[in-house]
Structures are given as C-alpha cells and as structure tokens.
Protein chains: 6
Amino acid sequence: MPFSDLRHDGRSPDKLRPVTLTRRVMKNALGSCMAEFGDTKVLCAATIEEGVPGWRKASHLGWVTAEYAMLPAATGRREKREGLRRKGRSMEIERLVGRSLRAVVDMKSLGEVTVTVDCDVIQADGGTRTASITGAWVALYDALAAWRDAGRIDRMPLTGQVAAVSIGIVDGRALLDLDYPEDSHAEVDLNLVGTADGRIVEVQGTGERITFDRQQLDRLLDLGQGGIETLCDLQRQVTHFPK
Amino acid sequence: MPFSDLRHDGRSPDKLRPVTLTRRVMKNALGSCMAEFGDTKVLCAATIEEGVPGWRKASHLGWVTAEYAMLPAATGRREKREGLRRKGRSMEIERLVGRSLRAVVDMKSLGEVTVTVDCDVIQADGGTRTASITGAWVALYDALAAWRDAGRIDRMPLTGQVAAVSIGIVDGRALLDLDYPEDSHAEVDLNLVGTADGRIVEVQGTGERITFDRQQLDRLLDLGQGGIETLCDLQRQVTHFPK
Amino acid sequence: MPFSDLRHDGRSPDKLRPVTLTRRVMKNALGSCMAEFGDTKVLCAATIEEGVPGWRKASHLGWVTAEYAMLPAATGRREKREGLRRKGRSMEIERLVGRSLRAVVDMKSLGEVTVTVDCDVIQADGGTRTASITGAWVALYDALAAWRDAGRIDRMPLTGQVAAVSIGIVDGRALLDLDYPEDSHAEVDLNLVGTADGRIVEVQGTGERITFDRQQLDRLLDLGQGGIETLCDLQRQVTHFPK
Amino acid sequence: MPFSDLRHDGRSPDKLRPVTLTRRVMKNALGSCMAEFGDTKVLCAATIEEGVPGWRKASHLGWVTAEYAMLPAATGRREKREGLRRKGRSMEIERLVGRSLRAVVDMKSLGEVTVTVDCDVIQADGGTRTASITGAWVALYDALAAWRDAGRIDRMPLTGQVAAVSIGIVDGRALLDLDYPEDSHAEVDLNLVGTADGRIVEVQGTGERITFDRQQLDRLLDLGQGGIETLCDLQRQVTHFPK
Amino acid sequence: MPFSDLRHDGRSPDKLRPVTLTRRVMKNALGSCMAEFGDTKVLCAATIEEGVPGWRKASHLGWVTAEYAMLPAATGRREKREGLRRKGRSMEIERLVGRSLRAVVDMKSLGEVTVTVDCDVIQADGGTRTASITGAWVALYDALAAWRDAGRIDRMPLTGQVAAVSIGIVDGRALLDLDYPEDSHAEVDLNLVGTADGRIVEVQGTGERITFDRQQLDRLLDLGQGGIETLCDLQRQVTHFPK
Amino acid sequence: MPFSDLRHDGRSPDKLRPVTLTRRVMKNALGSCMAEFGDTKVLCAATIEEGVPGWRKASHLGWVTAEYAMLPAATGRREKREGLRRKGRSMEIERLVGRSLRAVVDMKSLGEVTVTVDCDVIQADGGTRTASITGAWVALYDALAAWRDAGRIDRMPLTGQVAAVSIGIVDGRALLDLDYPEDSHAEVDLNLVGTADGRIVEVQGTGERITFDRQQLDRLLDLGQGGIETLCDLQRQVTHFPK
C-alpha cells in the first residue's frame, strides 16, 4: 500500500488500533477487565446479585444488564456528570451493551440472578461503546467462572463470545476502528456487534452527513467482521475460552 | 403463494399494512400528519421556533429535532406517563427520528430556526418509530412549505424524502412491516430508514433472541428497501413533492 | 336578539359550541371518547387495573383517578412536555376531573380496582377541563359497562351522570362555554361541574382581573346549569344511560 | 340557640374560631404575619426582589406570587417534606394565594419587582389556605409599606383588602370556618376569597361526598361573606388600612 | 475586661448569646422545642413511627434521624425552597444532627421504631446547626418520655445529654457562639458537639480563609466545652433530666 | 514493638499504608494523579475552564471546586450510581476536598477561571476522602503549572501544599490511616487536613459509637500530623514543589 493511503496514525484501513484486554483490575468485583483500544480505555466490572427485576420474577431465568458512564475528564473538555437525567447517548449505549451480552448467555442455566456489567470510560478516543462490549464480555466471563467455581451454578452459562467494532466512511474511504479524529468527521458511522463464529448480533449504521448505498454497507460489514474475528481471538487468548 | 404462507392478517411477507398519511389534522401546528400503519396511529406535528440550541449558535445553520411519546392507553395495558425520567426507548426513538429528518434538510437555507417534530403515539400496534419517521417527514414538509409561503425563507430546504419501515425474522421467515403480534416474537428485528432514491440513512438490526448471518441481513434489506419505495410514493401522492 | 349581541363566532351568550362525543376511538382502552367542544378536542381513555393505592388498601372500596396532559402542539405555540415537574395547572385539572368522576361512582360496588381516565388534549381552544370531564364520563361509562359485561362486577357502579362547562364574564357580559379568544380576556372565569338532575359537584370561580358580586355569580350559575343539562342529554344520547 | 346546636368546640355555626394576626414576627422579612385561626398557625413572610419573571419582562408591571408548604410535624402524623415533586395540593393552594393577592394590587404602581409571600404552616387544624390568604395580605401590606417608606415607590399599590374563609356542610348543617375534625367529615367544602367591600375574588366549592344544590350554595356564601367581613375588620385593626 | 474587648453586641468572648429552650410548642408533635440562640430560632419537632429503614430491619434496634431546612425568609435575602435537589449544606447539617442524637440513645431499649427530629429554621442569625442539636435533644427527650408514658417502652432510652455550640476565630480572637456578623468574617469556624460529662461527640473545624495551629485549636475547644456545659445545664432545667 | 501490637496487615499504629502518587495518568486532563493508599485508588483530574460561578462574577478572583464519586464496583458490593439525588456522603466529601484545596490557592493570581478537580474512586478500601485530597493537590499542581506554562497566568497561584489522612480509635487504640476493616469497626473516626508546615486546614472527628475526651483527641491529632508530614514529602518528591 502506498504510504499516502495510510491513516493519520499510520494504520492501514483494515487495521484495529493496538488492543489490550487486562483482566482482574478491580479487587472487589467478581470479574473485571480494562479494555484499551488505542487511547480509549474502558474499565468493565461485572457483579452478580441475587434476584431479577420485577417483570422477570418467577421465570427461573437470569438477567444480564449493563451501565455505561464517562468520567468527566475522559474527553478533551470536561463533561458534566450525568445526574438528574441520563443523557440519551449513554442510555443507548448501555442498552446496546446489555443486549449484546444477553445474546451469548443461557438465562436458564444462569438462574434467577442479575449480572450487572459497569462500563466506565476512563479515557475516550473514539469507539468507547465497542471497547465496552469487547471488555464487558471478558468481565462477564470472569464473573460467571467465579460464580461457577463457587458452586453457585453447575456450568458456565456462556454460549459463545461477543465483541464489537466501529467502522466508518471517512473522506470516502471505509476504515476499521475509528479513533476520535476520524470519527468526528466520518460521513457514515457503523457499529457492528458479532460473535466468534461470524454471525451478527447487532448492526447500527448511521449516515450522519450523507446517505449510503448497499455496496458501501457491504464493504463496511466486511471490514467489521474481520475486526471482530481479531477481537474474539484476543478474548480467547486472555480467557482460554474454547473456540 | 399458497394460502398457508400468508401472515396472520392475510398479508404476504413483502406487503406493508394499509398505510394512510393524513395532512393538516391539527389546527394550531404549522405542519401535521396522522400516520397510520394498520392499527398503529402516530400524530406528527411540526413547529418552527426562532433560534437554535446554544451549541449551534452563530453557525447560520438551522436545527431539526424530534420528540416521541406514547399516550398511556396507546398499548394493551396502561403505561405510566414518562415524567421524571424519560425511558431509554423513547429517547432512542426520538434521536433516530431527528437524525433521519436532518439527513434531508439543507440547514443553511433553513437559517437559524429550530424545527421540532412531535410524534405522539395515539395507538400502538408495532412499528411506531417507522410510522413516526414516515409521518414526520410529511409534517416537516408542510411546516417548511408554510414557512416559505410566509416569506420567511426563499426556497424549500428539503433535499429529498425520508421514510422508514421495520423488517424482521419471525419463525424463520423474513417479513416486512411487523405488527405487534409479529414483532413480539420476532427473532431478528431491523429498522431501515431510507430515501426515495434507494439510499440508506440508518440501519438498526438486532438479534433479540438469535444471531443472524449476512445472507439473512441482505434479505431483510431487500424487503425494507421495497417498503420504503412504496412509502415514498405515498408521501409524494399527498404532498406533490417532486421526485 | 339583535345581531350585534352575538359573539365573535355568531353564538348567542347562552349557547354551547358544537359538541360531539365520539365513543370507542381507541382500540386498546376499555373505554374511550373523543370529546369535541368546537375546536377543543380531548381524547379520554379509561383503563381498569386490579388493586387500589396503598392508603386505600383493605377498604373493599374502588378508586377513580384521572390524568390530564396536552400534546405540545395543541395550542398556538409549542409548549414543552411536562417532564420533571408537572405544571400546577395540569395537576389542578386532573385532580378536578378525578373528584368529579368520583362523585357519581359507588366505590363499594366497584370493588378494589383503580380506574384511570387519561385526558389528553389533542387540540386546545378553551374549555379543555370541561371537555375532559364531559368526555371522561363517557369513557368511564364504557369501561365500567365492559367490566360488568365481562362478569367482573354485578352491576353498573355509576350512580349518575357528570358533565362540566365553563362560564365567564367577558366585556361585562355573561357567556356560556368560552372559546380561547373569549377566555383569554375574560374578567371572571367560572367552571361548573354538575349532574343530570341539576345538582352541583364543584364550582370554581375566579376573578382574574376584577372581583364580582353575588348577582353576577347567580347569572353565571344559571347559564352553566343550562349548559350542563344539554351536555347530559348528549351523554345519554351516545350511551343510552337511563335518565 | 339551644346548647345541642353548638359545635364540638362550643361555637355557633356562623362563628369564626379565635383569630389573631400578629405582625412583624420575622426579623429578616420585609413584611411578616403569624395568622392563627384557632390551632391553625401560618407564618406569612413577604419579600420583594428586583425584576419579574421572564414572560412579564418589559411590561412595566410588577408581579405578586406565593409559596405554600407545611412543616413535616404540622399535622397529627409526620408528612414527608415535599422535595422532588411538589404535591398537587400545595401547588393548588399557592396558586390560589397568589391570585387572591394579585386581585388587590395595582401592578403598574408596583413597578417591575416581584413580591413573594411565603406561607409556611407551623400547625395545621383545618383552614390553612384561608389563614394563609388572610395573613398573607397583612405581610404584603407591611412589605409594600416598607417599600414605599424606603422611597422605592411613590404610593401604596394596594387597592383593597382580601381575606378568605372556609365554609362547609357537616352532618347537613352549614358551618363557618371548619376546624380539622369538622373538615375531615364535611360533605361539602367551600373556600371563599373576598374583599372588604363584599365582592368575591374566588369561590371554590366541592362536594367531596355528596352533591349540593343552589340553595345550599347560597347559604354557604352568606356565611362566608359574614366571616370575611369580620376578618377584614381585624386586618384593619392591626394595619390601620383605611376602609 | 476593658470595654474595647467586648464583642459588637457587648458580649465577652466566652459568653453565649441569650438562650431559651421552649418545650411543647407544637400541638401535634410528640415532642417539640423552640430553640433560640439570640436571634436564631429553630423549631425542633420529634415524631416516632413504627419500623426502621430497610437496611436496619430485623436488628431489634431503633433508629434516630433528623431533617433540617430553612424557611425561605429566615435569612436576610429570600432563599429558594430546596426542592429537587437538597443543598449540600442542609444534608451535612441533618447528618450531623442525626449522628449527635444517636450518640446518646440506647437503640436496643428504643426498639424497632424510627424517631425523626425535624429542625426548621424560622430565623437565622448564625449557629443554626448548634441550636438545632441543642433543641433537638429536648424535643427527643419529650417524645421518648411520652412514648414511655404511653407504655410503648419500659424505660427512657436516653443515655445522656447532647448539646452543641460554635466557636471561631474572628479578627484573631477566639469567640464563643458566633452570630451571623461574626460568622460571616470568621477566619476559623469550629462546631463542637459534646455531652454533659465533658466528652466530645463531634468536632468539625474549618479554616475557611486561614489555617490554624494546635494551640488555637485547644483554645477553641476550651471555649466550646464551657459553652456546652452551660447549654446542658439549661436542658436539665427545662426537662429535669437527671445529671 | 511486640508482634501482637501490630495491626491486621502488619503495620504499626503510626504507619501509613504504602502510598503512591502517579502523575499524568489521563491524556485529556490538564493535570491528573492516581492516588493509591494501599488498595484504595482514586483518580484525580483537574480541568480549568474560563469563568466563575455566578455569585463570584466580577470579583477578579478564581474558584476551585471538586467533585467526588465512586464507581459502582469500587466497594465489595455494587453501589447504585448516584443519579437523581447525590448522596449526602458524596456531597460532604466533595465540599471538603474543595475547601481543602482553596486553602492553598491565591485566588487573585489565579484570575477568573474555575478549576474543577474530579475525584473518582476506582477502588475503595478506607480513606477515600483523604486519598482524594492528597492526590487532588498533585492534579491541581500539574494543571496550574500547565496553565502558567501556557502563559495564561504569570506565576503559580499555589501558596502551599495540602494533604489529608484519617486517624481513628479501634479497639481502644489510636491508629493512623485506617483501611476498610479497621474503619468499619472504629469507635472514633477523625479526618485531618493539613499543610506541609504543620498547620491545620480542617479537622472532622466523630464518635460513631462512643464519645471521646480531649486527651484522646490530642493523641489522634499527633498521629495525623505525622502522617500529613510524610504525605507532603511524597507530594514534593513527585512534583518538585519547593518546601
């Protein structure tokens, strides 16, 4: 690839940023993972509590949910803490993280407990929601493994892996895993959540400034599925989850 | 198609429900439209106010936003009014409606005004967000036309049409425009927002219970783009917007 | 009456606007009614839920309550949705609607259920609270009839009819059923809630700009009781409730 | 009157409880008054601030408003402080107090200031809203007199007096100035706000359990107007306001 | 002491303002006390309710808590009522009052009830939190005595007295019981809560403008303990609590 | 010291836990510091924004404030995020951190800007408020140094150092820098904020279960001042702030 085709940080269009998933970073949480996608850092912590929300009672099924927040100084300018009313964006993201995790949990074998995965963005440089999902799966794995090792459940209720990546069209080019400078002037922004076996859990694509056609969508999905495969490899490296 | 392949209401898989878009249903709003997709009824009202939100001031650009709410008795069981904290779902939908409309508005020729399109669900039977977007475009068209006719702007700032439809996989079959009984046991649920010329504004697909593959995604997008074409035809019939 | 004594819309002082009460306008509510007083349109929906508020538990008595809200575009200028804090005016109105309905319900034969009547103002042109009460009674009637027909109660717990009308002094003249232009410069504004047999449930009179004397109050009450009689006739026409 | 016709505290039906209006009970407020109607005690404090609410700006008119709250221990059982959402009842009362005071203030000569009268119920034994109005007028008088004496306005902007009293039907008898035991089993409850010259500012009558007829309403109004006359006499005694 | 060493109100540095503790000022509360420290007036009311907060259930222990608020007109300029979000200062004070009272209550002999002491500042002139604690103890004593006299508990669960006073460094001089003019330009501000036998319950010292050394702290504590002794004497005078 | 006098983690009573202060841990904040006191980890980030709060406008003085929050999984059991109403404890702590920092800032040379120091507890094991203050000073130093280096101010507006430590009486013994197991059964809990030259900024001592005397207080203050000296040494090591 000619030099001029490289991105502002030297990556080729189909490359992830350096990704690290560090387990057991919080002493008090049952499972935890610091997910770093370049300068984006999300601290994911999974806790398990007895009982399920009211509407799910007496179902003999468990529940998995997520919360997402940013530290005020995570971005370039201080953001007010979300107090009185959660911002729509945070709500959307935490609903997405929750749905993504639930896609790979067998609620029956989990039993009537609630797993909450908190995703707190320590530093933001684009892709916080995809780092959250990718790291949350690791924290969830650890929490469920600890729960099983403590004899609370018979077997691991995880039915597979889930990871996520952002893809976008920037200056007309399809790029994988946008950082903040790329994301902030992307024409199309797509988040893809998928499994280790190449299936899709969620796709959310938005033409913030321009509309896009089916061919462009296909190119973005190709890039995204490649990224998810790499991320799932990495999750298996740190957890030894069987392929 | 054999009789047994028809849906519970007799539709074939690629058929919309009966759709009507009734203009000028509110005396006091600059533009308004009652959008009915079968038994789903959404009252869309567009109002224009001087000024733009603080972060957009001095940009010489306009702003288009949306609000979405349900009457308490719109669904089969009474839902509490959203007071203190808006539900995440409503926020997600109103953000989607706003983004969809903004994709076809030239903010420069709109000038520093804010257009708010209120989408109030009078009756809910599946597809309230897609009916909202489709009807909101008509209300927006009427408000902007009135604004232009009042001499407030030189020309219509609409650059095109936008409409939306839901598609899903139900019992393994891809279906267009799900009603509530279909939606409530869909395996995959996808909302597609598109333009009259076949381009995509937004795609949001979720495997609530199962994951899906690229081939299934393609089938859903095909169905959705067909539906959007029909809805855009209907919008043009009621507004005489040029193709 | 000489022509010059007629009101701006051609009505004589003791005339109601054209009133229509349309039943069963919402598919999902047990009882519903669109009440139109001229251009004022209120959608009333009655739902019944098991149980009563905490303070009424174990009383073997039912409860009837109301909620009142306006669509943002119901008036000439967009009103913000009431979120965080309900406006005092809405609270006052919904408390009034609730009290008015409770005056004609036998709580003992209703049993420990809660009936909620939602009054959502679709279009506002004066008299929204009186249209709400008049329409709410029809929605309540239908919900209770359905409840009885479903075998949930032995007999209709309604002990009578209730309707409401506004009366005011405008430019020194006592007028029945003020529309918005009249209401907005009324010197005295009175809302009367009454029964079909000529008794009073509630009277609320306010001299917003001037004070008034007993003689003026008497004239307003005469006009109001005439209006309520007409409204009760209309309620009986649509419901066949026995006089 | 035979002994058995007296009320539980020995009053005849047309008698007020012992009423005292004590001025200047708060060191820091411009005007203040402790209004006592029997065991009901309301502390009224009037303060004046520069400026008027946004919607009234540039009108050259002043504004008078009120706030009403109860101390938690004011009633027989501790009431939670109204924090997050003000109760509907308090809102209704403070709106009523504000309207009542505005009826006797010349907003033009007041100028663009806002007078707030805080009515805090120290002890509640029925009639807190009528004690609030009656005492608030005295606090308002003192604040306006101080404002005038400080040279901020040329002349007293009060155009008259306003006072209020409750009347009700209890066990079939019309009674003036109900205390809590009477109020809690009243069949009809009416609050009357009037001026020293016998005119009506506001009338609010409710048949909480039974409906009432015009004749009963007349009897209640007669009693109420008698009570207001006595209260206005008392206000003049303490303030020397000219009749 | 030379005249020039006296404070602006003629007190010597180690003197309290005139203090009065008036019992039984609220008819409806189980215990109540108006605590006046000079022009500071706090109305303290203690109520007892069955049950304890959730986290203390099944402990067979009681709970004592406090609430603190100011009337809007208590200070020189009107303060907005604390609605939606309690101010940090009020929260700090009510937590302090609660902790102080709990230090002298035997929770076991109290049994599973909650005592709430409401401290409402009627007039503020410095030292509202210390007047609150000192008066709250009297209200608490009366409520517990009434509870015992009603046979609800066998013996008085109070293990001692608690009182509080403020001390500060103003213009370099250590002063006892600061009034508002002194408090508002104090360099160091210290609140001391102590018992009748000279022990400390809580000490909170802040150098708002300057820092202070151990010697200064000692001088402040000496003054404070002297003041607490006097306040405890006064509490015993009004309650006859045994030393 | 005999072995049995050591604490559960082997420390002698007058020893701090291992303390580390790591600068520049957040890419986007002007100043940041991870403060670790044993297993307690607090991320402190300082940001500077133009302008000051409304009440301080036109004073030519700057403002320094703090916010404090815990990640939900920071403690042994998941704590709900503080949304709607901040907990009293967090408010108390952030007010304390703000006051402590302000004691060593020359507001005049800072100019009309607001410095906010966010203290987010990543992991909690006792002493989070004292770690917050100690780390916040380092973050503040770095932010002010960067502000000066950017030419926004002429010279460093810090007039000294501030650090904090907790001290308590546990099982009758005075201990320095309590960890969570010690803190949770301490009889007396004291937080001391002081400067590098041995002066006191704030002292807050509470007898949660027992009261304490002057002699015990002196012993706690001695221990605390020793700890603060050590912490100030450490602050100077990492910042090279002149003694």
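Described below are features of the structure shown in this document. Keep in mind that what you see is a predicted model, and the values were worked out from it rather than measured.

Side note on the overall build of chain A
Part 1: When helices and strands are counted, chain A shows five helices and nine strands.
Part 2: Put simply, chain A runs from its N terminus to its C terminus through helices and strands in the order β-β-β-β-α-α-β-α-β-β-α-β-β-α.
Part 3: Since a compact globule built from 243 residues should have a radius of gyration of about 18 Å, the 18 Å found for chain A is in line with a globular shape.
Part 4: Considered along the principal axes of its C-alpha atoms, chain A spans approximately 55 × 40 × 30 Å.
Part 5: Long-range pairs, those at least 24 residues apart, make up 69% of the contacts in chain A with a sequence separation of at least 6.
Part 6: Carbon and sulfur atoms make up 49% of the accessible area of chain A, which amounts to about 9,600 Å² in all.
Part 7: Separation of charge centres in chain A, based on 33 positive and 35 negative side chains, amounts to 4 Å.

Focus on the packing of helix H1 (residues 88–102) of chain D against helix H3 (residues 128–149) of chain D
Residue and element names in this part refer to chain D.
Part 1: Interhelical geometry of H1 versus H3 gives an angle of 40 degrees and a closest axis separation of 10 Å. For the element pair H1 / H3, the angle class is oblique. Judged by the sense of rotation from one axis to the other, the crossing of H1 with H3 is right-handed. On H3, the residues touching Arg89, Ile93, Leu96, Val97, Ser100 and Leu101 of H1 are Thr128, Arg129, Ser132, Ile133, Ala136, Trp137 and Leu140.
Part 2: In the contact of H1 with H3, the residues fall into eight nonpolar, three polar and two charged.

Some thoughts on the packing of aromatic side chains
Part 1: Applying the stated rule across the entire model yields 24 aromatic pairs over all chains.
Part 2: With 5.9 Å between their ring centres and 85 degrees between their planes, C:Tyr141 and C:Phe241 make a pair best called edge-to-face. Of the two residues, C:Tyr141 sits in helix H3 (residues 128–149) while C:Phe241 sits in the segment after helix H5 (214–239), which places them 100 residues apart along the sequence.
Part 3: Clustering of aromatic rings is evident, with ring pairs tying together A:Trp137, A:Tyr141 and A:Phe241.

Concerning the sheet that holds strand S1 (residues 19–23) of chain D
All names here are of chain D.
Part 1: Here five strands make up an open sheet; going across it, the order is S1-S2-S3-S5-S4 and the pairing mixed. Of all strands in the sheet, those with a lone pairing partner are S1 and strand S4 (63–70), marking the two edges. Taken over all neighbouring pairs, the strand axes of this sheet differ in orientation by 20 degrees on average, direction set aside.
Part 2: Those strands touched by H1 are S4 and strand S5 (113–123), and its axis lies near 145 degrees from that of S4.

Brief notes about the nonpolar core
Part 1: A:Leu158, B:Leu158, C:Leu158, D:Leu158, E:Leu158 and F:Leu158 are the most contacted members of the largest nonpolar core, which totals 458 residues.
Part 2: In this view, B:Leu158 contacts B:Val104, B:Val105, B:Trp137, B:Leu140, B:Tyr141, B:Leu144 and B:Phe241; residues no more than four positions away in its chain are not counted.

Brief notes about the sheet that holds strand S8 (residues 186–195) of chain F
Part 1: Strand order in the open sheet formed by eight strands is S7(E)-S6(E)-S8(E)-S9(E)-S9(F)-S8(F)-S6(F)-S7(F), with antiparallel pairing between adjacent strands. In this open sheet, the two strands that pair with only one neighbour each are strand S7 (173–176) of chain E together with strand S7 (173–176) of chain F. Each adjacent strand pair in this sheet contributes to an overall mean axis angle of 15 degrees, direction not counted.
Part 2: Where S8(F) lies against strand S9 (residues 200–206) of chain F, six bridges are found, and the strand directions are antiparallel. Paired with F:Gly194 across the strands is F:Ile200, a residue of S9(F).
Part 3: The strands touched by helix H1 (residues 88–102) of chain E are strand S6 (162–170), strand S8 (186–195) and strand S9 (200–206) of chain E together with S9 of chain F; relative to S9(E), the strand with the most contacts, the crossing angle is about 155 degrees.

Reading the values: rules and limits
Residues numbered from 1 in each chain as written. Chains lettered and ligands numbered in written order. Predicted model: local features only at pLDDT ≥ 70, side-chain atom pairs only at ≥ 80, totals over all residues. Heavy atoms only, no water. Helix = DSSP H or I, 4+ residues; strand = E, 2+ residues; numbered from the N terminus. Rg over C-alpha atoms; globule rule 2.2 N^0.38 Å. Contact = heavy atoms within 4.5 Å. Areas by Shrake-Rupley, 256 points an atom, 1.4 Å probe, with all protein chains shown as cover. Lys, Arg positive; Asp, Glu negative; His and termini not counted. Charge placed at Lys NZ, Arg CZ, Asp CG, Glu CD. Axes fitted to C-alpha atoms, helices over the stretch in contact; angles between N-to-C directions. Parallel < 35°, antiparallel > 145°, perpendicular 65-115°, else oblique. Left-handed = near helix turned anticlockwise from the far one by under 90°. Nonpolar A, V, L, I, M, F, W, Y, C, P; charged D, E, K, R; others polar. Phe/Tyr/Trp six-rings, centres within 6.5 Å; stacked < 30°, edge-to-face > 60°. Pairing = 2+ DSSP bridges. Core = buried A, V, L, I, M, F, W, Y, C linked by side-chain atoms within 4.5 Å. Buried < 20%, exposed > 50% of the residue type's maximum accessible area, 1.4 Å probe, protein only.

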